Amino acid sequence: MKNLKQTLIAEIEAKKDEISAIADFLLKNPETGYKEFKTSAFVRNELEKLGLQVKTDLAITGLRADIDSGRPGPKIAIMGELDALPVPSHPFADQQTGAAHACGHFAQLTMMLAAAKVLVPVIKELSGSIAFIAVPAEEFQSLEYCRKLIADGKISYCGGKPEFIKQGVFDDIDMVLLIHAGHDTFTPASFNGFCMKQIIFKGRAAHGGLSPWAGINAATMARQALNMIDGQRDTFNDKDSVRIHGIISDGGNAVNVVPARAELELQVRAKTPEAVKSACSVVDRCVKAAAMAFGGSVEIHNLGGYMPYQGCPELNAVHAENLKELCGGVLGDFGHRGSSTDMGDVSMLIPALHAYSGGFSGSPHAKDFVMVDFELACIQGAKLLAMDAVSLLGSNAEKAKAIASLPKIMDKKTYFEYKELLSSSEEFDYDQA
Ligand SMILES: [Zn+2]
Ligand SMILES: [Zn+2]
């Protein structure tokens, strides 16, 4: 298999100009979640050029193309995310929409397509099969648009991967590989999951100077709720990595009116599904207490979120061996990350690798997050994905078979019950009037 890996590395080297043109097109055509129409059409065309049948319209813009060795064995997925972020000041932002690849997802798609280019011709030398999957909407952005899509029955989740799970796109996949843009070449062991919460306090309007006692101040309830949440921070166990952050999205309309309505948007993050659930119940307690104290009411809307990510150590080891073989590099293990990704959802059900490539500088999601080294950002990752596929599916796919038979973290039924919990709403009314 060593020879096959060397062939694939040489093929990627030979196709560098084509690969660079792909990266360039994707970088300069950024689109936000569930609106990645140009990006999706481009990826489809690239896969069709390789002679593949492409399944399209998966969760609006997602797509998938499979190749089969003709020999039994597991099915691995090589995946890329389609979406960009609204960052209008980014140097490669779309002038009309303000969307920009400030999370570098164009590099993931480039790596996936480059790996496809070299794996398609040699699939008969492997066992099992490979699915190339482009998935929409990782960023949990444009929530208004997303909620409209949900209301119209077009999707059920704001994240593309949960939506793919619901649609059964991953049902026949045994393991998933994805390499994300970053500053270094490493694999995190885990990421936080989160629940998105919209909290609406309702009180009663009154003249702020003439008769404030006749009102019930919803903005005061929101402020006190935030104070109580802040006061809880040292009650969370360090091992759970709880982070609660958010904004006051509505604090009233006019300065001389006691606000009748106030709204908080909060994200509650933690390292395990249980810890997210328990931190959410603390937040719920605080917002209910604030409404009760001032005799108002509060609506608690859980607007979904992502599961915590648990990387598969065996897949990380395959990736580390290939980095060593490719360039003598040592794969960093950057432990736990406080941020979240919907790869978390996938990792609960299927062994997953969410690695990072280097080659970017600046702060992720900010205007200065840009590719500075194409070799590291796209070429190294493409080679590693191709090599990972050979390690997993070469030699009768022994390695992939071992990983596919590992116990899963969660079954699909438990997963959907949890997702249901993350989408529930409740109202508590303490207004005695
Ligand atoms: Zn991002
Ligand atoms: Zn990202």
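Residues numbered from 1 in each chain as written. Chains lettered and ligands numbered in written order. Predicted model: local features only at pLDDT ≥ 70, side-chain atom pairs only at ≥ 80, totals over all residues.

Enquirer: Which parts of the structure should I look at to understand helix 8 (residues 273-294)?
Expert: The periodicity of an α-helix, 3.6 residues per turn, causes residues three or four places apart in sequence to face the same way. A rise of 1.5 Å per residue sets the reference length of helix 8, with its 22 residues, at 32 Å; its end C-alpha atoms lie 32 Å apart and thus fit the reference within 8%. Buried within helix 8 we find Pro-273, Ala-275, Val-276, Ala-279, Cys-280, Val-283, Cys-286, Val-287, Ala-290 and Ala-291. Across the axial projection of helix 8, the buried residues extend over an arc of 160°, all falling on one side. Of the exposed residues in helix 8, those oriented more than 90 degrees away from the buried face are Glu-274 and Ser-281. (Helix = DSSP H or I, 4+ residues; strand = E, 2+ residues; numbered from the N terminus. Expected span 1.5 Å × (residues − 1). Buried ≥ 20, exposed ≤ 12 C-beta atoms within 10 Å, placed from the backbone. Arc of directions from axis to C-beta.)

Enquirer: Please clarify how the sheet that holds strand 14 (residues 336-337) should be interpreted in this entry.
Expert: Strands belonging to one sheet form pairs held by backbone hydrogen bonds; the direction of such a pair is parallel or antiparallel. Pairing is mixed in the open sheet, where 3 strands are placed in the order 13-8-14. Because the sheet does not close on itself, it has two edges, and the strands there are strand 13 (309-310) and strand 14. When strand 8 (residues 190-191) meets strand 14, the two strands line up parallel, connected through 2 bridges. Counted as the bridge partner of Phe-191 is Arg-337 from strand 14. (Pairing = 2+ DSSP bridges.)

Enquirer: How should I be thinking about the sheet that holds strand 1 (residues 54-58) in this particular structure?
Expert: The sheet built from 6 strands is open, its strands ordered 1-2-6-3-7-15 with mixed pairing. The sheet is open, and its two borders are formed by strand 1 and strand 15 (352-356), each paired with just one other strand. Taking each pair of neighbouring strands and ignoring which way they run, the sheet shows an average axis angle of 20°. By the bridge criterion, 3 bridges tie strand 1 to strand 2 (residues 62-68) in an arrangement that is antiparallel. Paired with Val-54 across the two strands is Ala-65, which belongs to strand 2. Strand contacts of helix 6 (residues 160-167): strand 1, strand 2 and strand 6 (129-135), with the helix running at about 130° to strand 6, the strand carrying the most contacts. (Axes fitted to C-alpha atoms, helices over the stretch in contact; angles between N-to-C directions. Contact = placed C-beta atoms within 7 Å.)

Enquirer: Looking at this structure, how should I read the nonpolar core?
Expert: Of all hydrophobic cores here, the largest spans 135 residues; its most connected members are Ile-78, Ala-115, Ala-386 and Ala-389. The residue makeup of this core includes at least three contributed by each of domain 1 (2-191 + 308-393) and domain 2 (193-306 + 416-429). Sequence-distant contacts of Ile-78, that is, excluding residues within four places in its chain, are made with Met-112, Ala-115, Ile-130, Phe-132, Leu-177, Leu-385 and Ala-389. (Core = buried A, V, L, I, M, F, W, Y, C linked by C-beta atoms within 7 Å. Domains from an automatic or database assignment.)

Enquirer: Which parts of the structure should I look at to understand the domain arrangement of the protein chain?
Expert: Buried accessible area, meaning the area lost when the parts come together, often serves as the stated size of an interface. Here the protein chain is described as being made up of domain 1 (2-191 + 308-393) and domain 2 (193-306 + 416-429). For domain 1 and domain 2, the distance between their C-alpha centroids amounts to 35 Å. Residue-level contacts link 13 residues of domain 1 with 11 residues of domain 2. A breakdown of the residues in the side of domain 1 that touches domain 2 according to their chemical character gives 4 nonpolar, 7 polar and 2 charged. (Nonpolar A, V, L, I, M, F, W, Y, C, P; charged D, E, K, R; others polar.)

Enquirer: Explanation requested: unusual backbone geometry in the structure shown.
Expert: The backbone of His-365 shows a phi angle near 80°, a positive value even though the residue is not glycine. Mapped onto the secondary structure, His-365 falls in the loop between strand 16 (360-361) and strand 17 (370-371). On the basis of neighbour counts, which here come to 16 C-beta atoms within 10 Å, the residue His-365 falls in the partly exposed class. At Asn-396, a residue that is not glycine, the phi angle is positive and equals roughly 60°. Following the sequence through the fold, Asn-396 ends up in the loop between helix 11 (374-393) and helix 12 (398-404). Its 14 C-beta neighbours within 10 Å are what place Asn-396 among the partly exposed residues.

Enquirer: Mind showing me how you'd approach the pairing of strand 9 (residues 193-202) here?
Expert: As a general feature of sheets, a regular strand has side chains that alternate between the two faces. Strand 9 sits mainly inside the fold: 8 of its 10 residues count as buried. Of the pairings in the sheet, the one linking strand 9 to strand 11 (residues 261-270) comprises 10 bridges and is antiparallel in character. Within strand 11, the position partnered with Ile-199 by the bridge is Leu-264. Note: strand 9 against strand 12 (residues 297-306), 8 bridges, orientation antiparallel. The residue bridging Cys-195 from the neighbouring strand is Gly-305, located in strand 12.

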